[in-house]
Amino acid sequence: MQRITTTHLMKMKKKAEKIVMITAYDYPAAGLVDEAGVDAILVGDSLGMVVLGYETTIPVTLDDMIHHTQAVVRGAKRALVAADMPFLTYQTGSADALRNAGRLLQEGGAAAVKLEGGTEVCPQVRALAEAGIPVIGHLGLTPQSIHVFGGYKLQGREPDAARRILADAKALEQAGAFCVVLECIPEDLAARITTSLSIPTIGIGAGVHCDGQVLVLHDMLGIAGKIRPRFVKQYAHLGEAIRKAVEQYGEEVRQSKFPMPEHSFTSEEIAGSPSPLANKT
Ligand code: KIV
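Structure report, in brief. The numbers attached to residues start from 1 for each chain and follow its sequence in the written order. Given that the model is predicted, a residue must reach a pLDDT of at least 70 before its local features are reported, and side-chain atom pairs must reach 80 or more before they are shown or counted; all residues, however, enter totals for whole chains, interfaces and linings. Only hydrogens and water are set aside; all other atoms, that is, all heavy atoms of the structure, feed into the side-chain values.

Here's the deal with the overall build of the chain
Within the chain, the regular secondary structure consists of twelve helices and eight strands. Over its C-alpha atoms, taken along the principal directions, the chain stretches across nearly 75 × 35 × 35 Å. Relative accessibility under 20% of the residue-type maximum defines a buried residue, over 50% an exposed one, and the middle range a partly exposed one, all with a 1.4 Å probe and only protein chains included. Buried positions account for 47% of the 281 residues belonging to the chain. A separation of at least 24 residues holds for 58% of the contacts in the chain among residues at least 6 apart in sequence. Only DSSP runs of H or I reaching four residues or more are called helices, and only runs of E reaching two or more are called strands; each is numbered from the N terminus. Contact criterion: two residues are considered in contact whenever any of their non-hydrogen atoms come within 4.5 Å of each other.

Set out below in structure tokens:
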């Protein structure tokens, strides 16, 4: 099976084919979303919030990202796997950005990295692109700057802010980014950016006119915490299903209803069976 590449994603924009991206953080989830046919998997630093239990993405380390990216790459056979550069692994300059992005590719196995910010990170984007490291930009609500924004709020509402985001998107393209994520901005602004760029835009809370969409897996499956932003559509309620399954298991253990004979082994059976661990048919 041929893996999807960055050029494939760029061609999808030219052919007006929507790009499907989703996050994943481990081997089984990567396998499932890959089999479901997504084009790209983002090992997002949302890892910190939906898997590691932090309040924000800020405590996530490069070693966390490498560890989870390795698992995702082992699980995904077809989709392009991109990994987030965590807080302060690139804002500090191009040398740090190169060294740290290099580790995500060499040790993690990612095919691309994503970093947050506009004009201020363009020197880093240029350095990575020139070193052959594909870069995804990220504009609008950039969660690593949560303490500057003062909360998870819609960005680009005022004309000046909208103009800045558009200029940042153009600057990222100029610097060599092959794609840009637009998070939590008005849909008309996202549409303007999408038509102004020749690289694809991937929206999350940015309306339907982007070249593709991304969602956080745990949010769309209903496994994440209590806060659900308006832009998240829940396609399943797995949190509830998991809770119910484990409650039932607990009840069955307490009432000696599990395990049953079909989950157990007798000495006679083991003596006569070449593979006693296999399920009974
Ligand atoms: O960390 C993440 O999951 C992200 C997506 C929300 C785009 O950056």
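Focus: the sheet that holds strand β2 (residues 40-43)
Whenever strands of a sheet pair, they do so through backbone hydrogen bonds, lying parallel or antiparallel. Reading around the barrel, the eight strands line up as β1-β2-β3-β4-β5-β6-β7-β8 and close back on themselves, with parallel pairing between neighbours. Sheet twist, expressed as the mean angle between neighbouring strand axes with direction ignored, is 25°. For two strands to be treated as a pair, DSSP must find at least two bridges joining them. Note: β2 against strand β3 (residues 80-84), four bridges, orientation parallel. When the sheet's bridge partners are listed, leucine 42 is paired in β3 with alanine 82. Lying on the sheet, helix α8 (residues 159-175) is in contact with β5 (135-140) and β6 (179-183); it crosses β5 at an angle near 175°. Only the contacting stretch of a helix is used when fitting its axis, a line to C-alpha atoms as for every element, and angles between N-to-C directions run 0 to 180 degrees.

Re the nonpolar core
Think of a nonpolar core as a cluster: buried Ala, Val, Leu, Ile, Met, Phe, Trp, Tyr and Cys residues, connected wherever their side-chain atoms sit within 4.5 Å. Grouped together as the largest cluster of nonpolar side chains are 58 residues, with contacts concentrated most on Ile41, Leu128, Leu182 and Ile193. Ranked by residue count, the leading element in this core is α8, at seven residues. Listed in part, the 17 residues of the second largest apolar core include Ala40, Ala82, Ile204 and Val214.

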